[in-house]
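In case you want the letters, here they are:
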Amino acid sequence: MTFTTRFAPSPTGPLHLGHAYSAILAHDMARAADGRFLLRIEDIDRQRARPEWETAIFDDLAWLGLRWEAPVMRQSDRLAVYRAALDRLWTEGWLYACTCTRRDILEAASAPQEGAPLTGPDGIVYPGTCRGRRDTGGPAPTDAALRLDMARAVAKVAPEGVSWHETGAEPDGETGTVHIPPQTVIDRVGDVVLSRREMGTSYHLSVVLDDAAQDVSHVVRGRDLFEATAIHVVLQSLLGLPTPSFHHHRLIRDDHGKRLAKRDDARAIRLYRDEGASPQDIRAMVGA
Ligand code: GLU
Ligand code: ZN
């Protein structure tokens, strides 16, 4: 399999130094291996995605000196693929419909007998309120969130736990085979949402289907997504898709040690460009 990496930004704001590091690393790793570097626009959040951000992303990446293959995959073009996968998972009994509000979840998770609510990759670990409803048959409902029954899924595809090959996870140096015990995935990740009502999909489902469709062999992304990888490996097994290698890189922090988020526009690459920085300056700033 050709060594293939990708950069998968969401067009919901300007690219900042953290994105620059992620994109440069994925690009340079592919070049060093004489492989392929792909781009994917993760625009399933129709409320927040904007075409002008997408244009700005292409512009910043080209300015950084990165080159990627055409055509660029766009998640909004793939809703039918996501729906087909949901119908399959639904029919096979891995999903259930959930109508809980955020408040319902917080209240159920904060009930005195539950102890302090645990947080996982998507926030509070779902307390399981709707799990009993296993109304399968027919296509997957579109008027509710669809959650993965993680205990059932893990029992089927990862009874010994979830593993993947990791080449990053700096600076902790967690390189080699990562192994997460089955009960840890059930307790600390839990029944994540695979389809949000307003999106008809989720980050987790889309990213797994897209990485497979793009033949990505090495997923290069921030350490903040390390915990979500267990979800992705479970989904890959349930859907019969290959599990790529993962390279979770260090996060770029601001001067106060806080990790950069989309809203930190002060760190937008665009602003450094306007101040006369060169692509080499950006590389030096992020240590790439
Ligand atoms: N779209 C995600 C983000 O911008 C990246 C997802 C990934 O690399 O798996 O945070
Ligand atoms: Zn629910």
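Everything below is about the structure printed above this text.
Note that the structure is a prediction, hence the values are computed from the model and not measured.

Asks: Explain the overall build of the chain residue by residue, including any values.
Replies: A tally of regular secondary structure across the chain gives 10 helices and 12 strands. Relative to the compact-globule value of 19 Å for 288 residues, the chain shows a C-alpha radius of gyration of 19 Å, a close match. The C-alpha extent of the chain, read off along each of the three principal axes, is 60 × 40 × 40 Å. The long-range fraction of contacts in the chain, counting pairs at least 24 apart against all pairs at least 6 apart in sequence, stands at 78%. When the accessible surface of the chain is summed, it comes to about 13400 Å², and 50% of that surface belongs to carbon and sulfur atoms. Side chains of the chain give 35 positive and 40 negative charges; the mean places of these two sets differ by 2 Å.

Asks: Provide a residue-level description of the environment of C130, including the pertinent values.
Replies: Counting through the fold element by element, C130 comes out in the loop between β6 (123-124) and β7 (145-148). We classify C130 as buried; its relative accessible area is 7%. On a C-alpha basis, the gap between C130 and T99 in space is 7.6 Å, while along the polypeptide they are 31 residues apart. Leaving out residues up to four positions away in the same chain, C130 has contacts with Y96, A97, C98, T99 and C100.

Asks: Explain the sheet that holds strand β1 (residues 4-7) to me, and be specific about the residues and the numbers.
Replies: Sheet strands pair via backbone hydrogen bonds, and the direction of the pair is either parallel or antiparallel. Read across the open sheet, the 3 strands follow the order β1-β2-β3; overall the sheet is parallel. Each end of this open sheet is capped by a strand with a single partner; those strands are β1 and β3 (73-74). Of the pairings in the sheet, the one linking strand β2 (residues 36-41) to β3 comprises 2 bridges and is parallel in character. Its bridge partner lying in β3, R40 is registered against M73.

Asks: Account for the pairing of β7, naming residues and giving values.
Replies: Neither face of β7 is open: one carries A145 and R147, the other L146 and L148, and all of them are buried. Here strand β4 (residues 95-98) runs beside β7; their pairing, made up of 4 bridges, is antiparallel. By the bridge assignment for β7, L95 is matched with L148. Relative to strand β10 (residues 193-195), β7 is paired through 2 bridges, and the arrangement is antiparallel. In the sheet register, L146 faces β10, and the bridge partner there is S195.

Cut-off values and rules
- Residues numbered from 1 in each chain as written.
- Chains lettered and ligands numbered in written order.
- Predicted model: local features only at pLDDT ≥ 70, side-chain atom pairs only at ≥ 80, totals over all residues.
- Heavy atoms only, no water.
- Helix = DSSP H or I, 4+ residues; strand = E, 2+ residues; numbered from the N terminus.
- Rg over C-alpha atoms; globule rule 2.2 N^0.38 Å.
- Contact = heavy atoms within 4.5 Å.
- Areas by Shrake-Rupley, 256 points an atom, 1.4 Å probe, with all protein chains shown as cover.
- Lys, Arg positive; Asp, Glu negative; His and termini not counted.
- Charge placed at Lys NZ, Arg CZ, Asp CG, Glu CD.
- Buried < 20%, exposed > 50% of the residue type's maximum accessible area, 1.4 Å probe, protein only.
- Pairing = 2+ DSSP bridges.

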